[in-house]
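Understanding the architecture of this molecule
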Amino acid sequence: MGVTVFTDEITGPIPAPRIFKAILDSHNLLPKLIPDKIKNIQVQGDGGPGSIKQINFAEDAPFKFVKHRIDVLDKENFMCKYSLIEGGIIGDKIEKVVETVKFEASPNGGSICRITSEFHTVGDFQLKEEDVKIGKEMALKTSKVVEAYLFENLNAYA
């Protein structure tokens, strides 16, 4: 087994506490904002560490679903760590994906989101950055939709 690590940084206009609250409520928010991509998100547990979130995608998506296990949730420091444990790209080449997402204040009053993705591969499979390009693009588009919603709805997650 090998581990391939990618890091990303996304800046946005929404303050870290507010965007983090929206992320915590993603199981309610995302199916409303992008129903053409996400049918629903089911939560098993209380939403804290150990909870499982199953994201069920729309019919035309490349995957039917993914399951994330929340490993760490630090609400005071706007950080969460979760593992993709089933569905999506999990299979004969990738055992699991561990994502750490941390929001920090940016100098302009918005936020900086730092993402670390650890791909745990099976055997000697070598993952390349272009192999995860679609997932990165989808995450970026989703974050922009959430930002637009929060920008237009100033009282949401305030």
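Report on the accompanying structure. (Residues numbered from 1 in each chain as written. Predicted model: local features only at pLDDT ≥ 70, side-chain atom pairs only at ≥ 80, totals over all residues. Heavy atoms only, no water.)

1. Thoughts on helix α2 (residues 26-33)
Ser26, Leu29, Leu30 and Pro31 are the residues of α2 that are buried. In this structure, the buried residues of α2 make contact with α1 (16-24), β2 (38-44), β3 (52-57) and α3 (133-152). (Buried < 20%, exposed > 50% of the residue type's maximum accessible area, 1.4 Å probe, protein only. Helix = DSSP H or I, 4+ residues; strand = E, 2+ residues; numbered from the N terminus. Contact = heavy atoms within 4.5 Å.)

2. Focus on unusual backbone geometry
In the Ramachandran plot, Phe78 falls in the positive-phi region, its phi being about 55° despite a non-glycine side chain. Judged by relative accessible area, which is 22%, Phe78 ranks as partly exposed.

3. Considerations on the side chain of His120
Mapping His120 onto the fold places it in strand β7 (residues 111-121). Dropping the residues within four chain positions of it, His120 is found in contact with Met1, Gly2, Val3, Ile94, Glu95, Lys96 and Val98.

4. Overview of the pattern of salt bridges
Evaluation of the coordinates by the stated rule reveals eight salt bridges. Linking Arg69 and Asp71 is a salt bridge whose minimum nitrogen-to-oxygen distance equals 2.7 Å. Residue Arg69 is classed as partly exposed on the basis of its relative accessible area, which comes to 29%. In this structure, Glu104 engages Arg114 in a salt bridge whose closest nitrogen and oxygen atoms are separated by 2.5 Å. One end of the pair, Glu104, is in strand β6 (residues 94-105); the other, Arg114, is in strand β7, and 10 residues separate them in sequence. Judged by relative accessible area, Glu104 falls into the partly exposed class, the value being 29%. Through salt bridges with shared partners, a single ionic network connects Glu9, Glu104 and Arg114. (Salt bridge = Lys/Arg side-chain N within 4 Å of Asp/Glu carboxyl O.)

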